[in-house]
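# Working through the structure, step by step
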Amino acid sequence: MSRTCLLLILAAGAGTRMKSEVPKVLHKVAGVSLLSHLLCTATQSDVDKICVVIRSGDQAVSDSVEDCSDIFFFEQPDQLGTAHAVLAARDLLKEELDDVVIIFGDTPLIERSDIIELRATLENGADLVLMGFHTDNPRGYGRLLFREGRIKAIIEEEDASDEQKKINFCNAGMIAIKREHLLFLLEKVKNKNRKHEYYLTDIVKLADACGLDIRVLRVEREKYIGINNRVDLAKVEEVWQRKKRHELMLNGVTLQAPESVFFSYDTEIAADVLIEPHVFFGPGVKIDSGTIIHAFSYIEGAVISANTRIGPYARLRSGTQLHPAVKVGNFCEIKKASVGFETKINHNSYIGDAEIGANVNIGAGTVICNYDAYHKHRTTIADGAFIGSNTSLVAPISVGRDSYIASGSVITENVSENTLAFGRARQVNKYEYAKKIRNRLASLEESDG
């Protein structure tokens, strides 16, 4: 694009219908806030400056942005409408940028291509560009009013007549305008409507009166769902997940029951991965090819190498790194642990804060006791070690290469290489004692009766 551009995100809405103390734009879709979705799209769109308008005193919104050095935040002192919100960034609107693109902070599904198309239309001679969609259920949306094929105005539903409410061509919310016109039009906006607010959409009627070239791009409604309440939030989540599933399957990932698998915004899965039903991916997951994720597994913050087997009913937490051909079975939990090549952790085990080598066998019911109520401690298990079932490893501790831990042990001291370690009391067998216990219990039962 040869023209310079300011992208303005309106994020000052109170969001009262969300019934939440959390600012609306900080509610999440696919594990990340609505605002973060939009900022990611904005930074990929080659705009020159990004500005976010927030509510006065809403520090949580600006604080939520990890790197905001290139983002300008302005506060809207009073909630007087969308045109008033844009004017909060008046200082930037005076700068020598060619175009301004305005988007709403509660529409996280918009894409880079939408912004590029708006800008290209301005570059091709338009003064003001809108986006509109057709729908069988236009309730809640502003209607686009045409006369003789030319857009004349946008009427908000609260102010629309019964006849105008029948119009099914609706405002999608995104606006692009040449900067030279924006301040002039905004300062002419009045609040003569049922809400007594200054509507940004009123600049369309004003621009038409000035003879400006106004164009409307037709788009699909699905990408422009605005979030006003938790129902809308769920609809947007559904749309995002459906698109992500579709994308992954086209890229070679097998989803046996796609509608039951949920991804995060940054999930990366290679081709030839098989995912069974009811699997949830939190943020920070990367999975290499040939891996199978069995049903009912929960994975977040994990890097999983090729040809691993996970689950069913496995939980992988942040900091997990699995090397190739690892097996993590049913009801296993792993946290902040590196697990080496072809190691097996097949049943009912907890592995936390650990470094586990290659070809290690972790028996059923093994627990790494990594927490002493004050600090987390590390455990190291070298290549080829065998950890018997129902073992407790009390960290900090190390288990040497090719060592063997007897089942049922509580290990509190380091185990050197190629060593057999027992950490349990000696077994005592008392002949005929089982019969005495049964008789005593039976007599107690009779007396209770």
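A brief report on the enclosed structure follows. In this text, all values refer to a predicted model and were calculated from it rather than measured experimentally. (Residues numbered from 1 in each chain as written. Predicted model: local features only at pLDDT ≥ 70, side-chain atom pairs only at ≥ 80, totals over all residues. Heavy atoms only, no water.)

### Concerning the pairing of strand β10 (residues 169-178)
- Counting buried positions along β10 yields 10 of 10 residues, so the element is predominantly enclosed.
- Inspection of the sheet shows strand β6 (residues 99-104) paired to β10 by 4 bridges, in the antiparallel sense. Directly across from Val100, in β10, lies its bridge partner Ile177.
- Sheet analysis places strand β7 (residues 128-134) next to β10, joined by 6 bridges and oriented antiparallel. Looking at β10, one finds that His134 is bridged to Phe169. (Buried < 20%, exposed > 50% of the residue type's maximum accessible area, 1.4 Å probe, protein only. Helix = DSSP H or I, 4+ residues; strand = E, 2+ residues; numbered from the N terminus. Pairing = 2+ DSSP bridges.)

### Let's talk about the environment of Ser297
- Looking at where Ser297 falls in the secondary structure, it is placed in the loop between β17 (292-293) and β18 (298-299).
- Judged by its relative accessible area of 2%, Ser297 falls in the buried class.

### Looking at the packing of aromatic side chains
- Here the structure, examined in full by the defined rule, presents 7 aromatic pairs.
- Taken together, a centroid distance of 5.0 Å and an interplanar angle of 5° make the contact between Phe296 and Tyr313 stacked. Of the two residues, Phe296 is situated in the loop between β17 and β18 and Tyr313 in the loop between β20 (309-310) and β21 (315-316); the sequence distance between them amounts to 17 residues.
- Its relative accessible area of 41% is what places Phe296 among the partly exposed residues. (Phe/Tyr/Trp six-rings, centres within 6.5 Å; stacked < 30°, edge-to-face > 60°.)

### Focus on unusual backbone geometry
- The omega torsion across Gly311 and Pro312 is 5°, close enough to zero to call that bond cis.
- On the secondary structure map, Pro312 appears in the loop between β20 and β21.
- Along the chain, Ala395 connects to Pro396 via a cis peptide bond; the corresponding omega equals 0°.
- In the Ramachandran plot, Lys19 falls in the positive-phi region, its phi being about 55° despite a non-glycine side chain.
- Relative to the assigned elements, Lys19 resides in the loop between β1 (5-11) and β2 (28-29).
- On the accessibility criterion, Lys19 (71% relative accessible area) is exposed.
- Phi at His196 is positive, roughly 55°, even though this residue is not glycine.
- Secondary-structure assignment places His196 in the loop between α6 (179-186) and α7 (202-209).

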